[in-house]
Amino acid sequence: MTTAKQPAKPKQNAGVWVVWVVLGLIVVVCVGGSLFNRDSGGTAVPGPAADERADTVPLLAQATASQGICYGWRLEESFLSPVSVGSNLGDGVAVEEDDRCPRWVLVRARVTYPSESSESSDSASVTVTGSGDFSRSDLYAVETGLTRFGLHEDVFVDDPGWAICRAAVALPLLVAETGAAPPAATPSADPGAVAAPLPDTGSDFWRDRWGTVLAAAGLLLVATLLITVGFVQRGRQRAAASAGRPRGTR
């Protein structure tokens, strides 16, 4: 007796596995982007870029020549680990113990990025110190005056390198406002030079993660297309199975 050929069972939709793989890639990209956003270490504090330091030093040097006060910056990680030090004397040159600077003012920022396993949040502290001829009230007025330039603690958390250089450049003006020094001369500039725009101090999300966001958006688009194709193929398989099933059977 010849056995009637049974209709082929619809194959499992292979596209479903592809969808799961794509979704897994999305998770890896999104999570990996947040974990390795800061120098792949998660806790490393980025210092100012070379061009930021190069632009800051001559501005401080001009203020020093006008006011007779040395100005410097110091960016630190937690546990007082130095990230960047500079002054009117040059990149990497501190003012606190230099004989060329009997009068000096320094802005110090300490930024902490806890590890992912820590419950603590990112934080920053900013202080202004100076030589003994500056009163504590004057230094405190300079320190609080930084907020007028938008240099709040959260800005140092978002972009510490840019913020510390901007704070150092603001020191001469703030010191002059206290009456501890005459106003600094207006910095001279090359007429043919074009000033570089300052970084956006708003949301740091898009500036640091635009690549991750675009990659995730692309993967989501691919996943959507695969899911749509999978539903269409599944519908066709069910239609084919119904057409091959003998009448009267369920």
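Residues numbered from 1 in each chain as written. Predicted model: local features only at pLDDT ≥ 70, side-chain atom pairs only at ≥ 80, totals over all residues. Heavy atoms only, no water.

What should I look at first to understand the state of the cysteines in this one?
Simply put, the disulfide is a covalent bond whose two ends are the sulfur atoms of two cysteines. Under the criterion given, the structure shown has one disulfide. At a sulfur-sulfur separation of 2.2 Å, the disulfide partner of Cys70 is Cys101. Judged by the sign of its S-S torsion, about -80°, the cystine formed by Cys70 and Cys101 is left-handed. With Cys70 in strand β1 (residues 70–76) and Cys101 in the loop between β3 (90–91) and β4 (104–112), this residue pair connects regions lying 31 residues apart in the sequence. Assigned by exposure class, Cys70 and Cys101 land together as buried. (Disulfide = S-S within 2.5 Å. Helix = DSSP H or I, 4+ residues; strand = E, 2+ residues; numbered from the N terminus. Buried < 20%, exposed > 50% of the residue type's maximum accessible area, 1.4 Å probe, protein only.)

Can you walk me through the pairing of β4 in this structure?
Regular strands have side chains that alternate between both faces of the sheet. Across the nine residues that make up β4, a large majority, seven, are buried. Note that β4 and strand β5 (residues 123–130) share eight bridges and pair antiparallel. Paired with Val107 across the two strands is Val128, which belongs to β5. (Pairing = 2+ DSSP bridges.)

How do you make sense of the pattern of salt bridges when you look at a structure like this?
Once the charged atoms of two side chains with opposite charge are near each other, the side chains can pair. In total, this model carries eight salt bridges according to the counting rule given. When the shortest N-O distance is used, the salt bridge between Arg74 and Glu76 registers 2.7 Å. Judged on exposure class, the residue Arg74 and its partner Glu76 are both buried. Residue Arg103 is joined to Asp133 by a salt bridge in which the shortest nitrogen-to-oxygen separation is 2.3 Å. Highlighted residues: Arg103 in the loop between β3 and β4 and Asp133 in the loop between β5 and α3 (136–145), separated in sequence by 30 residues. With relative accessibility at 42%, the residue Asp133 sits in the partly exposed group. In this structure, a network of salt bridges that share partners links the residues Arg74, Glu76, Glu96, Arg108 and Arg110. (Salt bridge = Lys/Arg side-chain N within 4 Å of Asp/Glu carboxyl O.)

Even after reading the chapter, I still don't get the sheet that holds strand β2 (residues 82–87), so can you show me in this structure?
Pairing is mixed in the open sheet, where five strands are placed in the order β3-β2-β1-β4-β5. Because the sheet does not close on itself, it has two edges, and the strands there are β3 and β5.

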